[in-house]
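So the chains spell out like this:
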Amino acid sequence: MTNNHHSTVAVLGSGKIGLAFVKQILQKTSYRVYATGRRSETLKAAESLGALALRDNNLAVRESEIVVIAVKPFHFPQLLSEVEPESWKGKIVVSLMAGVKLDTLRAAIPGARVFRAMPNLNSYVGFSSTAVAENGYDETSRTVEEFLKIFGKVYWVPEEYLDIWTGLAGSGPAFIAEIIDAMAMGAVAAGMPRELSYEAVLDVLEGTARLLRSRLYQHPGQLRDAVTTPAGTTIKGLMVLESGGVKAVLMKMVEEASRRSREIGEEINLKILEKIRQR
């Protein structure tokens, strides 16, 4: 187990990402974990992983040194109303909420050191690609970086990249899952059993990622050209992709997801700031 300077973590929101965080924290560290949620099913799931599951967000924040905000952005104003301002003071707060800006977080929870991060569901197996908005770099930042490494790779990026990261890496597992399913079903259509097709696609995906990371090929296009032979199977498949405009569709997919992240930010930041003014 990791030797932890901070002994208690609160994960506010035991949804899919929240539970992924709870699982990895308890498996890899000696942190004590509070996990909060609104539904009995999610609380039971967190409890089954070994967390102290409760509905009281204020208690969880007050008793913890690191606080992970994993609620949906539109639930954040309600969360603010449930936690006393004093409870946030001196805490390290890591927000996983899409679109909620650092300036908004600082205004909402003064007295805390806030960080904005965007992981993905691969956190569940410790293989997330997590971007953290650049926010100075000091001892607290190093603590946050080491904490987020529990879940996979960590990248420090300018905050304006986070909406794009959300559309690419945050939503990415769903996009990749669709591509995997389509390729496997293509093999089924050609006559191969589904389970074998599925395993083959997963192997191809993992192996291709490793091959590209080896830098044997500096660009995906070089790998594509290495596989493509004249009048062969690959070029025939690539012709189908080109005729369907699949590459343009995939590019648009990431662009639209990124745009939606920005839209959510514009909507929710105004609501949060209005909530703060009403205090």
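Residues numbered from 1 in each chain as written. Predicted model: local features only at pLDDT ≥ 70, side-chain atom pairs only at ≥ 80, totals over all residues. Heavy atoms only, no water.

1. Concerning the pattern of salt bridges
Phase 1 of the analysis: Tallied over the entire structure, the rule returns 19 salt bridges.
Phase 2 of the analysis: A salt bridge links Arg106 to Asp103; its shortest N-O distance comes to 2.9 Å. With Arg106 and Asp103 both in helix H6 (residues 102-108), this residue pair falls three residues apart, about one helical turn.
Phase 3 of the analysis: Take Asp103: its relative accessible area is 59%, and that puts it in the exposed class.
Phase 4 of the analysis: Glu274 is the salt-bridge partner of Arg277, the closest N and O atoms lying 2.9 Å from each other. Of the two residues, Arg277 and Glu274 are both situated in helix H13 (residues 246-277); the distance of three residues between them amounts to about one turn of the helix.
Phase 5 of the analysis: Given the relative accessible area of 59%, Arg277 is considered exposed.
Phase 6 of the analysis: Linked through salt bridges whose partners overlap, the residues forming this network are Lys252, Glu255, Glu256, Arg259, Arg260, Glu263 and Glu267. (Salt bridge = Lys/Arg side-chain N within 4 Å of Asp/Glu carboxyl O. Helix = DSSP H or I, 4+ residues; strand = E, 2+ residues; numbered from the N terminus. Buried < 20%, exposed > 50% of the residue type's maximum accessible area, 1.4 Å probe, protein only.)

2. Description of helix H10 (residues 194-213)
Phase 1 of the analysis: A rise of 1.5 Å per residue sets the reference length of H10, with its 20 residues, at 28 Å; its end C-alpha atoms lie 29 Å apart and thus fit the reference within 8%.
Phase 2 of the analysis: With its phi angle positive at about 65°, Arg215 sits one or two positions after the end of H10. (Expected span 1.5 Å × (residues − 1).)

3. Quick look at the pairing of strand S2 (residues 32-36)
Phase 1 of the analysis: Most of S2 is tucked away: four of the five residues are buried.
Phase 2 of the analysis: A crossover connection joins strand S1 (residues 8-12) to the parallel S2 through helix H1 (residues 16-28); in handedness this β-α-β unit is right-handed.
Phase 3 of the analysis: Strand direction decides the pairing type here: S2 and strand S3 (residues 52-54), joined by three bridges, are parallel. Residue pairing across strands places Thr36 opposite Leu54, the latter belonging to S3.
Phase 4 of the analysis: In this fold, the crossover linking S2 to S3 by way of helix H2 (residues 40-49) has right-handed handedness. (Right-handed = clockwise from strand over helix to strand, strands pointing away. Pairing = 2+ DSSP bridges.)

4. Digging into the sheet that holds strand S4 (residues 66-69)
In sheet architecture, strand pairing relies on hydrogen bonds along the backbone and comes in two forms, parallel and antiparallel.
Phase 1 of the analysis: Taken in spatial order, the eight strands line up as S3-S2-S1-S4-S5-S6-S7-S8 in an open sheet, and their pairing is mixed. Since the sheet does not close on itself, it has two edges, and those belong to S3 and strand S8 (152-157), each with one partner. Recorded for the sheet is a direction-independent mean angle of 25° between the axes of neighbouring strands.
Phase 2 of the analysis: Pairing analysis gives four bridges linking strand S5 (residues 92-95) to strand S6 (residues 113-118), with the strands arranged parallel. Opposite Ile92, over in S6, you have Arg113 as the bridge partner.
Phase 3 of the analysis: Helix-sheet contacts for H2 involve S2 and S3, and the interaxial angle to S3 is about 170°.
Phase 4 of the analysis: Taken strand by strand, helix H7 (residues 139-148) contacts S1, S4, S5, S6, strand S7 (128-133) and S8, and its axis lies near 35° from that of S6. (Axes fitted to C-alpha atoms, helices over the stretch in contact; angles between N-to-C directions. Contact = heavy atoms within 4.5 Å.)

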